[in-house]
Amino acid sequence: MSDFKSNARPSPDPLILPIPDSLKAIFAPFRDPLATEEQLPEILSAIQARYGYLPERHLRYLTREFPITLSRVYKVAFAEEGKYTFDPPGKHRLGICLGPYCSQRNSEAIVHAVSKSLDLEPEDTTPDGQLSLQIMYCAGHCRQGPILMADDEAHFESNPERACRIAGKLRGTEGE
Ligand code: FES
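Given the structure is predicted, the values throughout are model-derived calculations rather than measurements.

Peer 1: Could you give an account of the packing of helix 2 (residues 36-51) against helix 4 (residues 70-79), naming the residues involved and the relevant values?
Peer 2: Here helix 2 crosses helix 4 at 75°, and the two axes come no closer than 10 Å. If you check the angle between helix 2 and helix 4, you find them roughly perpendicular. Within the contact between the two elements, helix 2 uses Leu40, Pro41 and Leu44 and helix 4 uses Val73, Val76 and Ala77. Residues belonging to the contact of helix 2 with helix 4 are distributed by class as follows: 6 nonpolar, no polar and no charged.

Peer 1: Which residues make up the pairing of strand 2 (residues 131-136), and what values do they have?
Peer 2: Within strand 2, 5 of the 6 residues are buried, which leaves it mostly tucked inside the rest of the structure. As paired elements, strand 1 (residues 92-97) and strand 2 share 6 bridges and run parallel to each other. Paired with leucine 94 across the strands is leucine 133, a residue of strand 2.

Peer 1: Describe unusual backbone geometry, and please don't skip the residues or the numbers.
Peer 2: Look at the link from glycine 145 to proline 146: it is a cis peptide, with omega at 0°. The residue proline 146 is located in the loop between strand 2 and strand 3 (148-150) in this model. In this structure, glutamate 123 is a non-glycine residue whose phi angle is positive, near 80°. Following the sequence through the fold, glutamate 123 ends up in the loop between helix 6 (107-118) and strand 2. Here glutamate 123 falls in the buried class, since 24 other C-beta atoms lie within 10 Å of it. Positive phi is not limited to glycine here, since glutamate 157 has a value of about 45°. With respect to the helices and strands, the residue glutamate 157 is situated in the loop between strand 4 (153-155) and helix 7 (160-171).

Peer 1: Could you give me a rundown of the nonpolar core, with the residues and numbers involved?
Peer 2: Within the largest apolar cluster, 20 residues are counted, with the highest numbers of intra-cluster contacts made by Leu94, Ile96, Val114, Ala163 and Ala167. If you list the elements that add at least two residues to this core, you get strand 1, helix 5 (100-104), helix 6, strand 2 and helix 7. In this structure leucine 94 touches Val114, Leu131, Leu133, Gln134, Leu148, Ala150, Ile166, Ala167 and Leu170, once residues within four positions along its chain are discounted. Leu23, Tyr53, Leu54 and Tyr61 belong to the second-largest nonpolar core, a separate cluster that totals 10 residues.

Peer 1: Run through the pairing of strand 1, naming residues and quoting values.
Peer 2: The pairing of strand 1 with strand 3 spans 3 bridges and is antiparallel. When the sheet's bridge partners are listed, glycine 95 is paired in strand 3 with methionine 149.

Peer 1: I'd love a proper account of the sheet that holds strand 3, names of residues and values included.
Peer 2: Read from one edge to the other, the open sheet built from 4 strands follows the order 2-1-3-4, with strand pairing classed as mixed. In this open sheet, the two strands that pair with only one neighbour each are strand 2 and strand 4. Across the sheet, the mean angle from the axis of one strand to that of its neighbour is 20°, orientation sign disregarded.

Peer 1: Could you give an account of helix 2, naming the residues involved and the relevant values?
Peer 2: Most pronounced at glutamate 42, the bend in helix 2 amounts to some 30°. Within helix 2 the residues assigned to the buried category are Ile43, Leu44, Ile47 and Tyr51. Contacts made by the buried residues of helix 2 are with helix 1 (21-27), helix 3 (56-65) and helix 4. After helix 2 finishes, the residue glycine 52 shows a positive phi value of roughly 85°.

Peer 1: Tell me about the environment of methionine 136, and please be specific about residues and values.
Peer 2: Along the chain, the position of methionine 136 falls in strand 2. In this structure the C-alpha to C-alpha distance between methionine 136 and arginine 57, which are 79 residues apart in sequence, comes to 7.8 Å.

What counts, and at which threshold
Within every chain, residues take consecutive numbers counted from 1 along the sequence as written. The predicted origin of the model limits local features to residues at a pLDDT of at least 70 and limits the giving and counting of side-chain atom pairs to 80 or more, whereas totals for whole chains, interfaces and linings rest on all residues. Note on definitions: angles span 0 to 180 degrees between N-to-C directions of axes, and those axes are lines fitted to C-alpha atoms, for helices only across the stretch in contact. Where helices and strands are cited, they refer to DSSP runs of H or I of at least four residues and of E of at least two residues respectively, numbered from the N terminus. In what follows, roughly perpendicular refers to angles from 65 to 115 degrees, roughly parallel to angles under 35, roughly antiparallel to angles over 145, and oblique to any angle outside these ranges. Here contacts are defined at the residue level, using C-beta atoms placed from the backbone and a cut-off of 7 Å between them. Charged residues are taken to be Asp, Glu, Lys and Arg, nonpolar residues to be Ala, Val, Leu, Ile, Met, Phe, Trp, Tyr, Cys and Pro, and polar residues to be all remaining types, Gly included. Counting other C-beta atoms within 10 Å of each residue's C-beta, where C-beta atoms are placed from the backbone, gives the exposure class: buried for 20 or more, exposed for 12 or fewer, partly exposed between. The rule for pairing is simple: two strands pair if DSSP sees at least two bridges between them. Core membership is restricted to buried Ala, Val, Leu, Ile, Met, Phe, Trp, Tyr and Cys residues, and these are joined into a nonpolar core through C-beta atoms within 7 Å. Note on bend: the value at a residue is the angle between axes fitted to the seven residues ending there and to the seven starting there.

Structure representation (structure tokens):
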């Protein structure tokens, strides 16, 4: 486990998880950089159709893979009022922070453990529609990280075992 140092400099864009194959497949037909701006609504619609919403993480990957800024992506998404949603579609939501401070406290291991226990990729929803696994980039409680958000309830100083228990409880497959 990496040591957390309070004076460590956070990285600005911690896309530390690999880009999912499902997202790569969405990007594949849109490889003309000159057409990216025009095709942005189509790309956003494809992301929303696949995941049920526009995950922030995937929008960040979009800006890494194509010559477009995050502010431009959000501008286009907000321009079409009501067309896109930024909330995951599951009945419950488990958010795990991969922001710079939580990452230094090994929140990536929490993502992997929960992902494995649910057999679910981050930003996806269980087939029964009970639970969406979401990545956050700062929940505003950095010093108490790693942070989990179980629906609207924050859990501080989390670890993989606790996160898996919470995920099971939210999904209705584990009591507490
Ligand atoms: S980096 Fe996780 S709460 Fe700020």
